[in-house]
Number of protein chains: 2
Amino acid sequence: MTPAFSTKTEKTFRIIPLGGLGEFGKNLMVYEYDDTILCIDAGLMFPEEDMPGVDIVIPDVTYLVQNADKVKGFILTHGHEDHIGALAYILPQINVPVYGTRLTLGLVRNKLRERRLLDQVDLRLIDEHSKLEFGPFNVEFVHLCHSIPDAVGVVIRSPIGNVLHVSDFKFDPHPVDGRLTDEAKLKALGDEGIRFLLSDSTNSEVIGFTPSELELEQVLEKIISEAPGRVILATFASNISRVQQVINVAMRHGRKVGVTGRSMINNTRMAAELGYLTPPPDGLLTPDQMNYLPPEQVVIVCTGSQGEPTSALVRMSRGQYRHLRIGKGDTVIISASPIPGNEKMIHRTLDNLFRLGADIYYDELFDVHVSGHGSREDLKRLIELVQPEYMIPIHGEYRQLVLHARLAKSLGIPEDHIFIIEDGQVVEVGKEWIFTDGTVTSGRVLVDGLGVGDIGSVVLRDRRHLARDGFLVVTVGLDEETGEVILGPEILSRGFVYVAESENLLDDAKEVVWDVLETYDSVQDVATHLHTALADFCYRAMRRRPMILPLVVEL
Amino acid sequence: MTPAFSTKTEKTFRIIPLGGLGEFGKNLMVYEYDDTILCIDAGLMFPEEDMPGVDIVIPDVTYLVQNADKVKGFILTHGHEDHIGALAYILPQINVPVYGTRLTLGLVRNKLRERRLLDQVDLRLIDEHSKLEFGPFNVEFVHLCHSIPDAVGVVIRSPIGNVLHVSDFKFDPHPVDGRLTDEAKLKALGDEGIRFLLSDSTNSEVIGFTPSELELEQVLEKIISEAPGRVILATFASNISRVQQVINVAMRHGRKVGVTGRSMINNTRMAAELGYLTPPPDGLLTPDQMNYLPPEQVVIVCTGSQGEPTSALVRMSRGQYRHLRIGKGDTVIISASPIPGNEKMIHRTLDNLFRLGADIYYDELFDVHVSGHGSREDLKRLIELVQPEYMIPIHGEYRQLVLHARLAKSLGIPEDHIFIIEDGQVVEVGKEWIFTDGTVTSGRVLVDGLGVGDIGSVVLRDRRHLARDGFLVVTVGLDEETGEVILGPEILSRGFVYVAESENLLDDAKEVVWDVLETYDSVQDVATHLHTALADFCYRAMRRRPMILPLVVEL
């Protein structure tokens, strides 16, 4: 690994993850050689619970902005949010061509249109047969199966050898669209020689092969064919393949299909337009038809599988969905697994659906979902096909990267040929050596409303503080000359105690303020001591620590 | 079910859940006949994520306070927080005797001592052979297996028949303390005739029998015997049996055991004193010994299995634990399953442990935990032994109650003999009829610091609002006579934008304030319009909705 001689003048190949390694989502991988940078994917992640008020999280692309003249383009592997969702925020900073398959670009177009960027962006269509050239890089593609159609892996032929970037994928012998992961091409690439394999670690904690979509379809078939009334199936809005499966099953059993939930409707319409979804010959149901057709003729596909508060299923579960009331005789299928952190919201939704008397199928007791990501045996098979010289696990939280690395080691890849790196760490590759000790700026950029990146640790800390204990603003006006109190003290408080029932407590707090005012007179002194005395009072009285803000003004 | 004649004068038996039915935790069941009320358990639950700042949640016992003269006592089934944790808050309101087994009372004593209530409370020791009389009720007990020793079920012989209250339990053929769930007694009770069975629904979503602790011990034995260095095992502090298992395994392999984490140390000490835990003959390790003994001789049991921020394991995972640094060669076992809602915290802890280079065993890939609750087959076996006439599923979220009810139905209990009720709903039983349409006051009481019940929906709503978007207080002082602005406008804001870098924005906000001040002059008008104008401004500028509080005073 260590260079035998100084290599300052040698051109090197650099692999730099700016997102997706060490935490889930916001995938963005940078490949660099000389004056060429090629990016793969630009995804978002959803905020963690310690980021209140934050809408989405995108990767920090300072490194790309600083090297903007080198960046030749973004290649997208598929159309999921964690792979395309940051484009609308990044492209205004680095406007380069974006390459993607037809369905992927369709989804990108929707996003860009929403943010009124569509006419400013250069979208370029590829398919799995495309060949692209970016300076020293020759790029080809490999078709992959995933839970959304039209996913590809990316082969980069570079001066240091071939790199295979396999994003989200699985080996499904019976995918919904019949298009298998292209094992022959993977094998051929392996035979040709792959220096680096980068591969999805999401399911490296899951034993076995990921079951086929066909197995799932059989389960859905059984449930739908036996259901006495309406069937309502919730899944991810991006899971076009699942929608197709439901349509297929429904048609076999004389049922009609409706789709509801804004993102589900948009995605379904777009996928149908582009030919990635075959709707029933007589079309999808209108909201009215969903409600008024005989229940045993209806299947509805909707959003809400994660218990998202404003989704169609959650509104149905609360009886707040105008078009549809769930009740006894209805069958609900949650065809998704919980994204960690969403469990409680999902459980609440399930409980409410049970209260309505419906029959519910969900992942605890029934196999009503299969993952779009390969499990340990899929990951092994890929490594065996490709036989890479070096390996970098990508797409996963740290433990998942480690488990994937161990899997690779168990298949004979030497430990020092496997790099467990995280966002911002650089793998620098020369002809004869590899360095892994460099880093570039990376991290999370928080988006809240129109603010991109303005919310940082200070504001988040304040928000968490306010959430826990609320605040107390005390306003005092002092006579500039006499120091006499001519305004206030006025106490404003929210989130600390229930103000309407805490008059005594707030009166006591005012007494504390008066005590301070009698002792100190410089404005600065008063503010500091008000802070200390009130903090002390609140803790003694309630064992709470509200944020305390004194406003002392001289008039 | 419907009474054939008016029954106003008949004495009735009432079953009233005040906690634990329809949501997880804070178990409290009320049995009432004539002028006698007997309570079983008084537990707490931990706050949900939409209750920021709340420490714990206890049941609303208004009904008990209103009927205080009838309440004869609390019977505790076992020593877990969700069964005993609310006592310290309830007993000051209704001071009645508390009955429990030795270990249970030991744990209760610890809690009461912390809150300086120990000398005011009447604790009465029972064992599984005890017989108690409370007016019309004769009470007996049945030994049950659970993840804490000394658990009991409660039999109430009442004028309307026998009621069997089976709290948390499982049928484990090889429990750690060798004391089996007393099937013979359950069978005998069944033969004698049980009118009502109330039974734990926690694992009604889990297929099969809950595996035996013996199977788990074999897994631990394999890991610990093969570990090259130290072994650190995290589990629930209340899981005395798991600590015993670790001690047993460690001794067989020439290792010594240390215990760390405040609650783990307290519980272990207490259990050892009372004879429920057999420590190694040469005692437990001191913190110094844990650190300096040869690693291959050391096993450490600690708190932190749920990723709790201040627990021993989490501090170790961050390198912030003074007594111990985890590194390569160490083996960490997370011997617990995630409580829903804790997944993310657990994942972060695992990721940090992996970063330290340790070998980690956790529930995704390894069977390093078994539940203390019976699964579907255990639940079935109980019903088959007891053959109850009526059944009420208890201890579970709504869907778990429903699934338990369906299980009972599948075993031949008629649907109209199974009552799915939630907290506050009354099952009223006469000789010839049963009503289920009554309700009593019930719900959640939030404890935040010294405040018990003062935090309600208003404060929580404010806290959530502040967490999402922060606040903006604008202060203006107007001359009482001229209406001229003589103070301010001053704007104080936190959690909305990063104040230090938002001078322009806040200057613009002041302009908005001036615009309003120039247009309106009555104090009331100014305040109202300031609110509207600033809310509007913040949304236009940032698409955020901070809490806006105008303070307009006349001087």
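Since we're looking at a predicted model, the values are computed, not measured. (Residues numbered from 1 in each chain as written. Chains lettered and ligands numbered in written order. Predicted model: local features only at pLDDT ≥ 70, side-chain atom pairs only at ≥ 80, totals over all residues. Heavy atoms only, no water.)

### Quick notes on the overall build of chain A
Counted only if it meets this: A helix here means a DSSP run of H or I that spans at least four residues, while a strand means a run of E at least two residues long, and both kinds are numbered starting from the N terminus. Here the term buried applies to any residue with accessible area under 20% of the maximum for its type, exposed to any over 50%, and partly exposed to those in between, with areas from a 1.4 Å probe on protein chains only. Throughout, a contact is declared for two residues whenever any of their heavy atoms are within 4.5 Å. Only the protein chains shown count as cover for residues, and all accessible areas are computed by the Shrake-Rupley method using a 1.4 Å probe.
Per the secondary structure count, chain A includes 16 helices and 27 strands. Expressed as lengths along the three principal axes of its C-alpha atoms, the size of chain A is roughly 90 × 75 × 45 Å. Out of the 555 residues belonging to chain A, those deemed buried represent 59%. Of the contacts formed within chain A by residues at least 6 apart in sequence, a portion of 71% connects residues at least 24 apart. Taken as a whole, chain A presents about 22000 Å² of accessible surface, with 48% of it coming from carbon and sulfur.

### Details of the domain arrangement of chain A
Formally: The domain boundaries here were taken from an automatic or database domain assignment.
Parsing chain A into structural domains produces domain 1 (13-208 + 371-452), domain 2 (213-361) and domain 3 (470-554). Using C-alpha coordinates to define each centre, domain 2 of chain A is positioned 55 Å away from domain 3 of chain A.

### A look at the layout of surface pockets
Stated formally: In this analysis a 1.4 Å probe is tested at points of a 1 Å grid over the protein atoms alone, and where it fits but cannot get out there is a cavity; an open set with protein on both sides within 12 Å along at least five of seven lines is a pocket; lining residues have an atom within 4 Å of a point. Grid points are joined across faces, edges and corners, and a volume is the space filled by probe spheres set on the points. Classes in brief: Ala, Val, Leu, Ile, Met, Phe, Trp, Tyr, Cys and Pro nonpolar; Asp, Glu, Lys and Arg charged; the others, Gly included, polar.
A volume near 480 Å³ is recorded for the second largest pocket. Surrounding the second largest pocket, 15 residues form its lining, Val402(A), Arg406(A), Glu415(A), Ile420(A) and Lys328(B) being those nearest its centre. Every element with two or more residues in the lining of the second largest pocket is listed here: α13 (398-410) of chain A together with α11 (343-355) of chain B. Tallying contributions element by element places α13(A) first for the lining of the second largest pocket, with 5 residues. A class-by-class count of the residues in the lining of the second largest pocket yields 7 nonpolar, 2 polar and 6 charged.

### Re unusual backbone geometry
Residue Pro489(A) follows Gly488(A) across a cis peptide bond; omega there is 0 degrees. Within the secondary structure, Pro489(A) is located in strand β26 (residues 485-494). Despite not being glycine, Asp34(B) has its phi angle at roughly 55 degrees, a positive value. Tracing the chain through its elements places Asp34(B) in the loop between β3 (28-33) and β4 (36-40). Positioned with a positive phi, Arg543(B) is a non-glycine residue whose angle comes to about 55 degrees. Checked against the element boundaries, Arg543(B) lands in the loop between α16 (523-542) and β27 (547-554). The partly exposed category is assigned to Arg543(B), whose relative accessible area is 40%.

### Here's the deal with the packing of aromatic side chains
Residues and elements named next belong to chain A. We count it as follows: Here is the rule: rings of Phe, Tyr and Trp (six-membered ring for Trp) pair when centre to centre is within 6.5 Å. Planes less than 30 degrees apart are stacked, more than 60 are edge-to-face, and the remainder are tilted. Here, a charge over a ring is recorded when the distance from Lys NZ or Arg CZ to the ring centre is within 6 Å and its angle to the ring normal is within 35 degrees.
Going through the model one piece at a time under the given rule, you end up with 21 aromatic pairs over all chains. Note on tyrosine 99 and phenylalanine 134: the rings are 5.3 Å apart at their centroids and 90 degrees apart in plane angle, and the pair reads as edge-to-face. Linking tyrosine 99 in strand β7 (residues 98-100) with phenylalanine 134 in strand β9 (residues 132-134), this pair joins segments that are 35 residues apart in sequence. The same class applies to tyrosine 99 as to phenylalanine 134, namely buried. Each member of the aromatic cluster is reached from another via a ring pair, and the members are Phe13, Tyr31 and Phe137. Positioned above the aromatic ring of phenylalanine 171, the side-chain terminus of arginine 381 is 5.2 Å from the ring centre.

### Things to note about the sheet that holds strand β4 (residues 36-40) of chain A
Residue and element names in this part refer to chain A. Put simply, the rule reads: Strand pairing is defined by DSSP finding a minimum of two bridges between the two strands. Between the N-to-C directions of two axes lies an angle of 0 to 180 degrees, each axis being a line fitted to C-alpha atoms and, for a helix, fitted only over the stretch in contact.
Spatially, the 8 strands line up as an open sheet ordered β8-β7-β6-β4-β3-β1-β21-β22, and their pairing is mixed. Looking at strand neighbours, the two that pair on one side only are β8 (123-125) and β22 (434-439), the edges of this open sheet. Neighbour to neighbour, the strand axes of the sheet diverge by 25 degrees on average, direction disregarded. Seen against the sheet, helix α4 (residues 102-114) touches β7 and β8 and runs at an angle of roughly 165 degrees to β8.

### Things to note about the relation of the copies chain A and chain B
Cut-off, in case you're wondering: Each copy is superposed on the other by least squares, with the fit set by C-alpha atoms of residues at a pLDDT of at least 70 in both.
Least-squares fitting of chain A to chain B yields an RMSD of 0.1 Å, with the superposition described by an axial translation of 0.1 Å and a rotation of 180 degrees. In the structure described here, the two chain copies are related by an operation that fits a two-fold rotation axis. No C-alpha of chain A approaches the rotation axis more nearly than that of Ala467(A), which lies at 2.4 Å. When the interface residues of chain A are mapped onto chain B, 100% of them are again interface residues, pointing to one common binding face.

### Overview of the packing of helix α6 (residues 213-226) of chain A against helix α7 (residues 240-252) of chain A
Residue and element names in this part refer to chain A. Definition in use: Our angle categories are set so that under 35 degrees counts as roughly parallel, over 145 as roughly antiparallel, 65 to 115 as roughly perpendicular, and the remainder as oblique. A clockwise turn of the near helix away from the far one marks a right-handed crossing, whereas an anticlockwise turn of less than a right angle marks a left-handed crossing.
Between α6 and α7, whose axes approach to 10 Å, the crossing angle comes to 45 degrees. In terms of their interaxial angle, α6 and α7 are classed as oblique. The crossing of α6 and α7 is right-handed. Contacts from Glu213, Leu216, Glu217, Leu220, Glu221 and Ile224 in α6 reach Arg242, Gln245, Val246, Asn248, Val249 and Arg252 in α7. Residues belonging to the contact of α6 with α7 are distributed by class as follows: 5 nonpolar, 2 polar and 5 charged.

### With respect to the pairing of β3(B)
Along any regular strand the residues' side chains alternate between the sheet's two faces. Residue and element names in this part refer to chain B. A large share of β3 lies buried, amounting to 6 of its 6 residues. Here β3 shows no split at all, with Leu28, Val30 and Glu32 on one side and Met29, Tyr31 and Tyr33 on the other all buried. Sheet topology note: the strand β1 (residues 13-19)/β3 ladder contains 6 bridges and is antiparallel. Along β3, the bridge assignment pairs isoleucine 15 with tyrosine 31. As defined by bridge partners, β3 adjoins β4 across 5 bridges and the pair is classed as antiparallel. Note that in β4 the partner of valine 30 across the bridge is cysteine 39. Taking the residues that link successive antiparallel strands as the turn, the β3-β4 hairpin has 2 residues, and the phi of aspartate 34 there is positive, at about 55 degrees.

### Some details on the interface of chain A and chain B
Rule in force here: Computed with a 1.4 Å rolling probe, the buried area is the accessible surface lost when two parts are put together, summed over both parts. The term salt bridge refers to a side-chain nitrogen of Lys or Arg lying within 4 Å of a carboxyl oxygen of Asp or Glu. N or O atoms within 3.5 Å of each other form a polar contact, as long as, within protein, one can give a hydrogen and the other can take it, and as long as residues adjacent in sequence are counted only when both atoms are side-chain atoms.
Chain A puts 69 residues into the contact, and the matching count from chain B is 69 residues. Here chain A packs against chain B, burying approximately 6300 Å² in sum over the two surfaces, 59% of which is carbon and sulfur. Sorting the residues of chain A by area buried against chain B places Lys344(A), Leu365(A) and Arg399(A) first, and these three jointly supply 10% of that buried surface. At the surface where chain A touches chain B, the tally comes to 16 salt bridges. Linking Asp50(B) and Arg348(A) is a salt bridge whose minimum nitrogen-to-oxygen distance equals 3.6 Å. Scanning the region where chain A abuts chain B turns up 24 residue pairs in polar contact (both at pLDDT 80 or more). Counting only elements with at least two residues in the side of chain A that touches chain B, the list comes to α11 (343-355), α13, α14 (457-469), β25 (471-478), β26, α16 (523-542) and β27 (547-554) of chain A. When grouped by side-chain class, the residues that make up the side of chain A that touches chain B number 32 nonpolar, 10 polar and 27 charged.

### Comments concerning the sheet that holds β27(B)
Whenever strands of a sheet pair, they do so through backbone hydrogen bonds, lying parallel or antiparallel. Residues and elements named next belong to chain B. Read across the sheet, 3 strands follow the order β26-β25-β27 without closing on themselves; strand pairing throughout is mixed. Two strands close off the open sheet at either side, each with one partner strand: β26 (485-494) and β27. On average, each strand axis in the sheet is tilted by 10 degrees relative to the strand beside it, whichever way the strands run. Across 8 bridges, strand β25 (residues 471-478) lies against β27 in parallel orientation. Its bridge partner being in β27, phenylalanine 471 is matched across the sheet by methionine 547. Along the sheet face, α16 touches β25 and β27 and points at about 150 degrees away from the line of β27.

### Comments concerning the side chain of Thr349(A)
When you line up the elements, Thr349(A) lands in helix α11. Excluding residues that lie within four positions of it along the chain, Thr349(A) makes contacts with Gly307(A), Leu313(A), Val314(A) and Ser317(A).

### Re empty space enclosed by the protein
All names here are of chain B. Counted according to the given criterion, the structure contains 7 cavities of 30 Å³ or more. Estimated volume of the largest cavity: approximately 110 Å³. Lining of the largest cavity is provided by 15 residues; of these, His146, Pro175, Val176, Asp177 and Ser241 occupy positions nearest its centre. Broken down by class, the residue content of the lining of the largest cavity amounts to 6 nonpolar, 3 polar and 6 charged.

### Quick word on the nonpolar core
Most often, soluble globular proteins keep nonpolar side chains buried together rather than apart. Residues and elements named next belong to chain A. For the record, the criterion: Here, nonpolar core means buried Ala, Val, Leu, Ile, Met, Phe, Trp, Tyr and Cys residues that are tied together by side-chain atoms lying within 4.5 Å of each other.
Counting 65 residues, the largest nonpolar core has Leu28, Leu64, Phe74 and Val98 as its most contacted members. Residue contributions to this core peak at 6 residues, all from α7. Shared between two domains, this core takes at least three residues from each, and those domains are domain 1 (13-208 + 371-452) and domain 2 (213-361). Beyond its immediate sequence surroundings of up to four residues, leucine 64 is in contact with Leu18, Leu28, Val30, Ile37, Cys39, Val71, Phe74 and Ile94.

### Some thoughts on α6(A)
All names here are of chain A. Where we set the bar: By this rule the span expected of a helix is its residue count minus one, scaled by 1.5 Å. Each direction from the helix axis to a C-beta atom contributes to the arc, which is the arc of those directions.
Relative to the 20 Å expected for 14 residues at 1.5 Å per residue, α6 spans 20 Å between its end C-alpha atoms, a close match to the ideal helical length. All of the buried residues along α6 are Glu213, Leu216, Glu217, Leu220, Ile223 and Ile224. Projected onto a plane normal to the axis of α6, the buried residues spread over an arc of 130 degrees and lie on a single side. Among the exposed residues of α6, those pointing more than 90 degrees away from its buried face are Lys222 and Glu226. The elements touched by buried residues of α6 are β14 (231-234), α7, β16 (298-302), β17 (331-334) and β18 (359-361).

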